[in-house]
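# Observations on the three-dimensional arrangement
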Amino acid sequence: MSDRLHTLSGYFHEYQKSVAQPEEFWARIADSFHWKKRWDKVLDWNFDEPNVNWFVKGKLNITENILERHLFTIGDRPAIIWEPNDPSEEGRTITYRELYHEVCKFSNALKAKGIQKGDKVIIYMPMVPEAAIAMLACARIGAVHSVVFAGFSSSALSDRIIDCGAKAVLTSDGNFRGNKKIAVKAVVDEALEKAPVDTVIVYQRTRQDVIMKEGRDHWWHDVIDGIADTNKAEEMDSEDMLFILYTSGSTGKPKGVVHTTGGYMVYTKYSFENVFQYSPGDVYWCTADIGWITGHSYIVYGPLLSGATSLMFEGVPTFPDAGRFWAVVEKYKVNTFYTAPTAIRALQAYGTDPIEPYDLSSLKVLGSVGEPINEEAWHWYHTHVGKSKCPIVDTWWQTETGGIMVSPLAGITPTKPAYATLPLPGVQLCIVDAEGKELKGNSVEGNLCVKFPWPSMIRTTYGDHDRCKQTYFSTYKGMYFTGDGVKRDHDGYYRILGRVDDVINVSGHRMGTAEVENAINEHPLVIESAVVGFPHEVKGQGIYAYVICDMKNRTEENLTNEIKDTVSKIIGPIAKPDKVQIVSGLPKTRSGKIMRRILRKVAEGSVENLGDTSTLLDPEVVEQIIAGRK
Ligand code: WTA
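The protein is annotated in an unreviewed UniProt entry as Acetate--CoA ligase from Algoriphagus faecimaris. Within the UniProt record for the protein, the comment given under Sequence similarities (unreviewed entry) is "Belongs to the ATP-dependent AMP-binding enzyme family."

Attention now goes to the overall build of the protein. Regarding its fold elements, the protein presents 18 helices and 30 strands. Its C-alpha atoms give the protein a radius of gyration of 24 Å, within 12% of the compact-globule value 25 Å for 630 residues. Buried positions account for 62% of the 630 residues belonging to the protein. Partitioning the contacts of the protein with sequence separation of at least 6, the portion at a separation of at least 24 is 71%. In the protein, 70 side chains carry a positive charge and 80 a negative one; their mean positions are 2 Å apart.

Summed over all chains, the structure comprises 40 salt bridges. As a salt-bridge pair, R140 and E68 come within 2.7 Å of each other at their nearest N and O atoms. Of this pair, R140 sits in helix α5 (residues 129-141) while E68 sits in helix α3 (residues 68-74), and the two are 72 residues apart along the sequence. Residue classification places E68 among the partly exposed residues on the basis of a relative accessible area of 26%. Here R92 makes a salt bridge to E130, at a shortest N to O gap of 2.8 Å. With a gap of 38 residues between them, R92 in strand β5 (residues 92-95) and E130 in helix α5 connect regions that are remote in the sequence.

For the structure on display, the rule yields 44 aromatic pairs. Relative to F325, the ring of W285 lies with its centre 5.2 Å away and its plane at 85°, an arrangement referred to as edge-to-face. Within this pair, whereas W285 is found in strand β16 (residues 283-286), its partner F325 is found in helix α11 (residues 324-332), the two being separated by 40 residues in sequence. A single burial state applies to W285 and to F325, both of which are buried. Residues W454 and Y480 carry aromatic rings whose centres are separated by 5.4 Å and whose planes lie at 75° to one another, so their mutual orientation is edge-to-face. A residue pair is termed long-range when its members are at least 10 positions apart, and W454 in the loop between β22 (444-450) and β23 (460-461) and Y480 in strand β24 (residues 480-488) qualify at 26 residues. Taken as a pair, W454 and Y480 share a single burial class, namely buried.

Attention shifts here to the site of the ligand. The local shell around the ligand holds 17 residues, among which D394, T399, D484, R499 and R510 are the closest. In the environment of the ligand, an oxygen atom lies 2.7 Å from a nitrogen or oxygen atom belonging to the side chain of R510. Coverage of the ligand by the protein amounts to 96% of the 530 Å² it exposes when considered alone. Of all the secondary-structure elements, those providing two or more residues to the shell around the ligand are α10 (293-305), β20 (392-395) and β25 (494-499). Of the residues belonging to the shell around the ligand, the class tally is six nonpolar, six polar and five charged.

On to the pairing of strand β18 (residues 336-339). On β18, burial covers both faces: T336 and Y338 on one face and F337 and T339 on the other are all buried. The sheet contact formed by β16 and β18 spans three bridges and is parallel. By the bridge assignment, C286 is partnered in β18 with Y338. The sheet contact formed by β18 and strand β19 (residues 365-369) spans four bridges and is parallel. Across the sheet, the residue bridging to Y338 is G367, located in β19. Taking the sense of rotation as the criterion, the β-α-β connection linking β18, helix α12 (residues 341-348) and β19 turns out right-handed.

Here V128 is to be found in the loop between β6 (120-124) and α5. Looking at V128, the relative accessible area reads 1%, which means it is buried. Residues V128 and S361, 233 residues apart in the sequence, show an inter-C-alpha distance of 27 Å. Discounting chain neighbours no more than four positions away, the residues touching V128 are W82, Y203, R205, M312 and E314.

The geometry of α12 relative to helix α13 (residues 375-385) is characterised by a closest axis approach of 10 Å and an angle of 75° between their N-to-C directions. It follows that α12 is roughly perpendicular to α13 by the angle criterion. Residues I344, R345, L347 and Q348 of α12 lie in contact with α13, whose contacting residues are E376, A377, W380 and Y381. Residues of the contact of α12 with α13, tallied by class, amount to five nonpolar, one polar and two charged.

Next up on the list: the nonpolar core. The biggest cluster of nonpolar side chains holds 121 residues, and the ones touching the most others in it are W26, L99, F106, F276 and Y301. Broken down by element, the residue count for this core peaks at 10 residues, all from α5. Setting aside anything within four residues of it in sequence, one finds W26 in contact with V42, W54, F55, V266, Y267, Y270, P425, G426 and P455. Formed by 46 residues, the second largest nonpolar core is a distinct cluster that contains V188, M511, A575 and I582.

Every other side chain in a regular strand lies on the same face of the sheet, so the side chains alternate between the two faces. Here strand β17 (residues 309-313) lies mainly inside the structure; five of its five residues are buried. Both faces of β17 are covered, namely the face carrying T309, L311 and F313 and the face carrying S310 and M312. When strand β4 (residues 78-83) meets β17, the two strands line up parallel, connected through four bridges. The partner of W82 across the bridge, within β17, is M312. Crossover handedness for the path β16 to α10 to β17: right-handed.

Another aspect to go through is helix α17 (residues 596-604). Regarding α17, the residues found buried are R596, I598, L599, V602 and A603. Down the axis of α17, the smallest arc covering the buried residues is 155°, so these residues share one side. Where α17 is buried, its residues contact α15 (513-520), β28 (526-536), β29 (540-549) and α18 (620-627). Once α17 ends, the next one or two residues include G605, with phi positive near 90°.

Turning to the domain arrangement of the protein, a few remarks are in order. Segmentation of the protein into domains returns domain 1 (96-241) and domain 2 (507-628). With centres defined by C-alpha atoms, the gap from domain 1 to domain 2 works out at 37 Å. With seven residues of domain 1 at the interface, the matching set in domain 2 holds seven residues. Of the roughly 450 Å² buried between domain 1 and domain 2, counting both surfaces, carbon and sulfur atoms make up 50%. One can count zero salt bridges joining domain 1 with domain 2. A per-class count over the side of domain 1 that touches domain 2 returns three nonpolar, three polar and one charged.

A few words now on the side chain of R459. Relative to the helices and strands, R459 resides in the loop between β22 and β23. In terms of polar contacts, R459 uses its side chain to reach the side chain of T260, at 3.4 Å. A polar contact of 2.6 Å, which involves the side chain of R459, links it to the backbone oxygen of M457.

Conventions used here
- Residue positions are given per chain, counted from 1 along the sequence in the order it is written.
- Reporting in this predicted model follows two pLDDT cut-offs: at least 70 for local features of residues, and 80 or more for side-chain atom pairs to be given and counted; totals over whole chains, interfaces and linings ignore these cut-offs and use all residues.
- Excluding hydrogens and water, the side-chain values take into account all heavy atoms of the structure.
- UniProt positions are given in the numbering used here, feature names are shortened, and annotations may be inferred rather than shown by experiment.
- Labels follow the DSSP assignment, with helices taken as runs of H or I lasting at least four residues and strands as runs of E lasting at least two, numbered in each case from the N terminus.
- A radius of gyration in this sense is built from C-alpha atoms; the matching globule rule multiplies 2.2 Å by the number of residues raised to 0.38.
- Think of it in three bands: with a 1.4 Å probe and only protein chains considered, a residue is buried below 20% of the maximum accessible area for its type, exposed above 50%, and partly exposed in between.
- Contacts are assigned to residue pairs with any non-hydrogen atoms lying within 4.5 Å of each other.
- The charge count treats Lys and Arg as positive and Asp and Glu as negative. His and the chain ends do not count.
- Just so you know, the charge point we use is NZ for Lys, CZ for Arg, CG for Asp and CD for Glu.
- Basic side-chain nitrogens of Lys or Arg form a salt bridge, by our definition, when they fall within 4 Å of a carboxyl oxygen of Asp or Glu.
- Planes of paired rings set the category: under 30 degrees apart is stacked, over 60 is edge-to-face and the rest tilted, where pairs are Phe, Tyr or Trp rings (Trp by its six-membered ring) whose centres lie within 6.5 Å.
- Whether a residue is near a molecule or strand depends on its heavy atoms: it is near if one of them lies within 4 Å of it.
- Each polar contact in these results corresponds to two N or O atoms within 3.5 Å; when the atoms are within protein, one needs to be able to donate a hydrogen and the other to accept it, and residues that are neighboring in sequence are counted only if both atoms are side-chain atoms.
- Shrake-Rupley sampling with a 1.4 Å probe provides the accessible areas, and residues are treated as covered by the protein chains on show and by no other component.
- Throughout, the ten residues Ala, Val, Leu, Ile, Met, Phe, Trp, Tyr, Cys and Pro are labelled nonpolar, Asp, Glu, Lys and Arg are labelled charged, and all others, Gly among them, are labelled polar.
- By this definition, two strands are paired if DSSP reports at least two bridges between them.
- The handedness of a crossover follows from its direction of travel: if, with the strands pointing away from the viewer, the path from the first strand over the helix to the second runs clockwise, the crossover is right-handed.
- Every angle, taken between N-to-C directions, lies between 0 and 180 degrees, and every axis is a line fitted to C-alpha atoms, over only the stretch in contact when it is a helix.
- An angle counts as roughly parallel when it lies under 35 degrees, as roughly antiparallel when it exceeds 145, as roughly perpendicular when it falls between 65 and 115, and as oblique in every other case.
- What we call a nonpolar core is a set of buried Ala, Val, Leu, Ile, Met, Phe, Trp, Tyr and Cys residues that are connected through their side-chain atoms within 4.5 Å.
- By definition, the arc is the one covered by directions from the helix axis to the C-beta atoms.
- Start and end points for every domain follow an automatic or database-based domain assignment.
- Here the quantity called buried area is the total loss of accessible area, with a 1.4 Å probe, experienced by two parts when brought into contact, counted for both.

Right under this line is the structure:
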């Protein structure tokens, strides 16, 4: 039976069923996969511990549902099309049959290097097909992958290696990005000084010089040389860990979000096919990096489980010029294009000239993810990229949700600019006020929660289950709290308003304010800092840092640059503050709490209406801060 929704009434019907009888609903979807042993019970859960088990005692391997499942039916269909950074370099096409053999080979190589079921493997690689092969090879043998975005610094990398206790790191010599050649292995080497591992496997991409440590470091092409290109996939329990993905929260340390095998598999495929209305043979392109959840669920797992052709792009939207995305769409006749509002806004700034030369008539569906899309960007995307004929699916979800939760179904759900519209079947949303009281009916605004489990939800935060409980399941009892504010309008449509916690969304990437503050505080002359977000034309939100320093003999400009560099070095360039204001004090209450509300107002430039400042220890500080605003 097909699980595809085709009409709006069909959607409403399925949605009702999924709420009335969730277990029957998901069992029916899960039945279309290959299980080595069927589950005993569909769902076992409570949100107090929390403890959530889907497809209890089911046995499977997710890669069998990607590889063996497609081998004899669509073995010759492209699974991955790869477009390199430099358009003059030849791209690659990997069919499902080739993918099967590549994954088998590399998983055999991992095994030969002593990697076993349950071992943690860090993947720190550029956007090359081998990154996806590495993920699937881990899944094939039951090793747990943790992909770290290759733009993160060595210290961010070593923190993650230590936190998950990784045995191996998979990486590359370097990375091509625009007109730059970036060292990758050298960053790994630095990270491994603090966080040693047994094995490093290096994919040769840029051919730049690297140091290979005898006994520890091996070339990718050497480890697969002469190795068998078939094997039997490891039998995994439905609730065995599939991957850990680190993401920022409101406290200082990134947390390892844990996803498990069975539920994640079922949900990513189901959501991929329904949201994008994927038809066999379509070319689908998601521009995310595999270092983020979007790359996991909607470049690798969702599309490949569906037998789709997933395009992977190594480069950046503006190299060699701002028409690159459209050149790639034309070249491969892309049918579905899924990107982030920040990329749309960045390209919007170049006007429509870079689009004109290209034939975009293959496009059927456009997608948006990662941050709220403003109406202007939505209209630009719709008119100039989609030529007013492609539905836009504004997909709301999170690293923790594993898959898309709220989104139009392409061509089925009537869209409304800036609205993620309606929940997918199986997703039971709930809007609550600050006290946790459910706000029923339409035309309400509050905090977004989910009151019933869905298959691809977070199971724990690695090594610290209590943190998972505190962060997501304690704010509002009996519910998963998303951290986002939301409005449900008179039509029952959902509009995501942005984070209500101390998380800033910079170009669709989550940054914890505390995490950035910790990095700033590493600078030896910094005494104290406070970081807030502010509206940024391209990035959605920018990072504004207020810093108290011992100036020594530095000029303000020198110190500001040093502080920015410190953050780049400790976290990565994506966390670099856009603005740094040196201040003599921070607005604190008598109990010593920084009043961020005031700092946010100043950063966004609305200094007229600062609200109640009577509880401040030293109201004069505010005047000084306003006077020195950047
Ligand atoms: C935000 C990315 C508005 C939101 C998949 C969420 C969005 C956070 C949207 C998760 C959207 C994501 N509209 N906001 N369509 N999609 N967000 O974990 O604040 O990197 O909580 O997952 O991004 O970011 P994450």
